[in-house]
Amino acid sequence: MKTAVITGASSGLGVELLRAAVEFCPDIDTFWLIARRRERLEALAAQFPGKTLRPVPLDLTAPSAVRTLERLLEKEKPALSLLINNAGFGRRCDFPESEPGDQTGMIDLNCRALTAVTRCCLPYMTAGSLILNISSIASFAPTPRMTVYCSTKAYVQSFSRALREELRPRGINVLAACPGPMDTEFLPVAGCEHGKSRTFDALPHQNPAKMARKALSAGLRGRSVCTMGAFYKFYRFLAHVLPKSVLMKFTRC
């Protein structure tokens with residue numbers, strides 16, 4: 001019986017990644033869904049008849065959460081064929097006036113938890129498995145006023161590339177997905193809802209369902225990075241060729 005683990009699975013892109021996994025990975029029978037809100041996780045079960053959805057209510061910013069997951073894995077010893085690290089959040093603010101807990105919380109969830117969950121799950125993954133990490137277009141260049149968020153997503157990008165090379169001999173692929181803004185709970189939490197940021201208002205918004213399907217399809221085909229849309233692919237190219245000091249004049253939120 002094959003199993004998938006999805007973090008940040010209770011809403012938005014996480015739910016769409018679950019839908020895509022059910023469609024593209026019919027051999028996966030059981031999905032461990034990790035998020036803080038148990039009631040939302042339990043409500044998803046009715047949408048996926050024939051699949052076993054197991055709510056694992058954890059706040060991954062708490063160090064004890066990873067230990068809980070580790071003990072659960074040791075007890076169940078699942079055959080993991082898919083790990084999706086989707087949990088994360090951002091804040092748009094001036095760093096000197098920001099809440100310190102928000103800034104360190106982003107590091108805890110976007111970097112530390114992603115790293116720890118991946119390490120916990122790897123012993124249960126074999127050839128043909130996929131790790132899909134959600135990065136962001138913000139990883140391409142520094143983003144003033146989202147200083148810590150873009151830095152955490154650059155970590156996800158670098159971590160994913162290096163880990164992919166390490167795991168190549170084992171036949172495990174790692175993909176970093178880099179979505180643009182999407183109309184999910186992320187934007188109001190980050191302070192980027194419509195009318196709050198001219199940059200976010202001007203950027204093309206992407207469909208979470210399309211992004212989920214494209215990212216998972218790319219990962220299953222052995223790709224290392226997934227960026228959707230000509231605009232953001234061109235931005236990724238510019239980030240490789242232009243000085244970061246130039247790009248930051250346009251990325252400020």
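To be clear, the structure that these remarks concern was listed above.
Every value quoted in this text rests on a predicted model; they were computed, and no experiment measured them. (Residues numbered from 1 in each chain as written. Predicted model: local features only at pLDDT ≥ 70, side-chain atom pairs only at ≥ 80, totals over all residues. Heavy atoms only, no water.)

A.B. asks: Help me out: how do you make sense of the side chain of Ser 98 in this one?
C.D. replies: With respect to the secondary-structure elements, Ser 98 resides in the loop between β4 (79-85) and α4 (100-121). For Ser 98, a relative accessible area of 16% translates into the label buried. Of note is the side chain of Ser 98, whose polar atom sits 2.7 Å from the backbone oxygen of Phe 95. Among the polar contacts listed, one links the side chain of Ser 98 to the side chain of Gln 103, at a separation of 3.2 Å. (Helix = DSSP H or I, 4+ residues; strand = E, 2+ residues; numbered from the N terminus. Buried < 20%, exposed > 50% of the residue type's maximum accessible area, 1.4 Å probe, protein only. Polar contact = N/O pair within 3.5 Å; in protein donor to acceptor, adjacent residues only side chain to side chain.)

A.B. asks: Quick question: what am I supposed to make of unusual backbone geometry here?
C.D. replies: Excluding glycine, a negative phi dihedral is what most residues carry, and trans is how most peptide bonds are arranged. Residue Lys 77 is not a glycine yet carries a positive backbone phi of 50 degrees. Its place among the elements puts Lys 77 in the loop between α3 (63-76) and β4. Within the chain, Arg 145 stands out as a residue other than glycine whose phi angle is a positive 80 degrees.

A.B. asks: I keep staring at a nonpolar patch on the surface and nothing clicks. Help me out?
C.D. replies: A cluster of nonpolar side chains, contributed by Phe 234, Phe 237, Val 241, Leu 242, Val 246 and Phe 250, occupies part of the molecular surface with about 590 Å² of accessible area. Of all elements in the fold, only α9 (230-241) and α10 (244-251) reach the threshold of two or more residues within the nonpolar patch. Sorting elements by how many residues they give to the nonpolar patch places α9 first, with three residues. Mapped onto the secondary structure, Val 241 falls in helix α9. (Patch = residues over 30% accessible without salt bridge, like charges linked within 9 Å, V, L, I, M, F, W, Y side chains within 5 Å. Areas by Shrake-Rupley, 256 points an atom, 1.4 Å probe, with all protein chains shown as cover. Salt bridge = Lys/Arg side-chain N within 4 Å of Asp/Glu carboxyl O.)

A.B. asks: Sorry if this is basic, but what is going on with the layout of surface pockets here?
C.D. replies: It is the rolling of a water-molecule-sized probe over the atoms that shows where space remains empty. There is about 1300 Å³ of room inside the largest pocket. Looking at the largest pocket, it is lined by 49 residues, and the ones nearest its centre are Gly 88, Phe 89, Tyr 149, Lys 153 and Phe 186. Put simply, the parts of the chain that give the lining of the largest pocket at least two residues each are α1 (12-24), β2 (28-35), α4, α5 (147-167), α6 (186-190), α7 (198-202), α9 and α10. Of the residues in the lining of the largest pocket, the class split is 29 nonpolar, 15 polar and five charged. (1 Å grid on protein atoms, 1.4 Å probe; cavity = no way out; pocket = protein on both sides within 12 Å on 5 of 7 lines; lining within 4 Å. Points joined across faces, edges and corners; volume = space filled by probe spheres on them. Nonpolar A, V, L, I, M, F, W, Y, C, P; charged D, E, K, R; others polar.)

A.B. asks: Help me out: how do you make sense of the pairing of β4 in this one?
C.D. replies: For a regular strand, side-chain orientation follows a simple rule: the groups alternate between the two sheet faces. Extensive coverage of β4 is indicated by the burial of six of its seven residues. The pairing of β4 with strand β5 (residues 125-134) spans five bridges and is parallel. Its bridge partner being in β5, Asn 85 is matched across the sheet by Asn 133. In terms of handedness, the path from β4 via α4 over to β5 forms a crossover that is right-handed. (Pairing = 2+ DSSP bridges. Right-handed = clockwise from strand over helix to strand, strands pointing away.)

A.B. asks: Just checking my understanding: could you explain the packing of α1 against helix α8 (residues 208-220) for this structure?
C.D. replies: Packed helices, taken two at a time, are described by the angle between their axes plus the distance between the axes. In the contact formed by α1 and α8, the axes pass within 8 Å of each other and the chain directions differ by 50 degrees. By the angle between their axes, α1 is oblique relative to α8. Judged by the sense of rotation from one axis to the other, the crossing of α1 with α8 is right-handed. Of the residues in α8, those in contact with Leu 13, Glu 16, Leu 17, Ala 20, Ala 21, Glu 23 and Phe 24 of α1 are Pro 208, Ala 209, Met 211, Ala 212, Arg 213, Leu 216, Ser 217 and Leu 220. Of the residues in the contact of α1 with α8, the class split is 11 nonpolar, one polar and three charged. (Axes fitted to C-alpha atoms, helices over the stretch in contact; angles between N-to-C directions. Parallel < 35°, antiparallel > 145°, perpendicular 65-115°, else oblique. Left-handed = near helix turned anticlockwise from the far one by under 90°. Contact = heavy atoms within 4.5 Å.)

A.B. asks: Sorry if this is basic, but what is going on with α5 here?
C.D. replies: For α5, built from 21 residues, the straight-helix expectation of 30 Å at 1.5 Å per residue is met to within 8% by its first-to-last C-alpha distance of 30 Å. When we look at burial in α5, the residues that qualify are Val 148, Tyr 149, Cys 150, Thr 152, Lys 153, Val 156, Gln 157, Phe 159, Ser 160, Leu 163, Arg 164 and Leu 167. Summarising the contacts, the buried residues of α5 are in contact with α4, β5, β6 (173-177), α6 and β7 (225-226). (Expected span 1.5 Å × (residues − 1).)

A.B. asks: How should I be thinking about a positive patch on the surface in this particular structure?
C.D. replies: On the surface, Lys 214, Arg 221, Arg 223 and Lys 233 cluster together into a positively charged patch. Looking at the secondary structure, you find Lys 233 in helix α9. (Lys, Arg positive; Asp, Glu negative; His and termini not counted. Charge placed at Lys NZ, Arg CZ, Asp CG, Glu CD.)

A.B. asks: So what exactly am I meant to see when it comes to the state of the cysteines here?
C.D. replies: Any covalent bond linking the sulfur atoms of two cysteines counts as a disulfide. Per the counting criterion, the structure on display carries zero disulfides. Free of any disulfide, Cys 178 has its nearest neighbouring cysteine sulfur in Cys 226, separated by 7.9 Å. A residue is classified by how much of its surface remains accessible, and Cys 178, at 1% relative accessible area, is buried. (Disulfide = S-S within 2.5 Å.)

A.B. asks: Could you clarify how one ought to interpret the packing of aromatic side chains in this entry?
C.D. replies: In this description, a pair of aromatic rings is defined by centroid distance and the angle of the planes. Under the criterion given, the structure shown has five aromatic pairs. Ring centres 5.4 Å apart and planes at 50 degrees place the aromatic pair Tyr 149 and Phe 186 in the tilted group. Taken together, the residues span a long stretch of sequence, with Tyr 149 in helix α5 and Phe 186 in helix α6 at a distance of 37 residues. Tyr 149 sits in the buried class, given a relative accessible area of 8%. On the numbers, 5.8 Å between centres and 15 degrees between planes, the contact of Tyr 155 with Phe 159 is stacked. Taken together, the positions of Tyr 155 and Phe 159, both in helix α5 and four residues apart, correspond to about one turn of that helix. (Phe/Tyr/Trp six-rings, centres within 6.5 Å; stacked < 30°, edge-to-face > 60°.)

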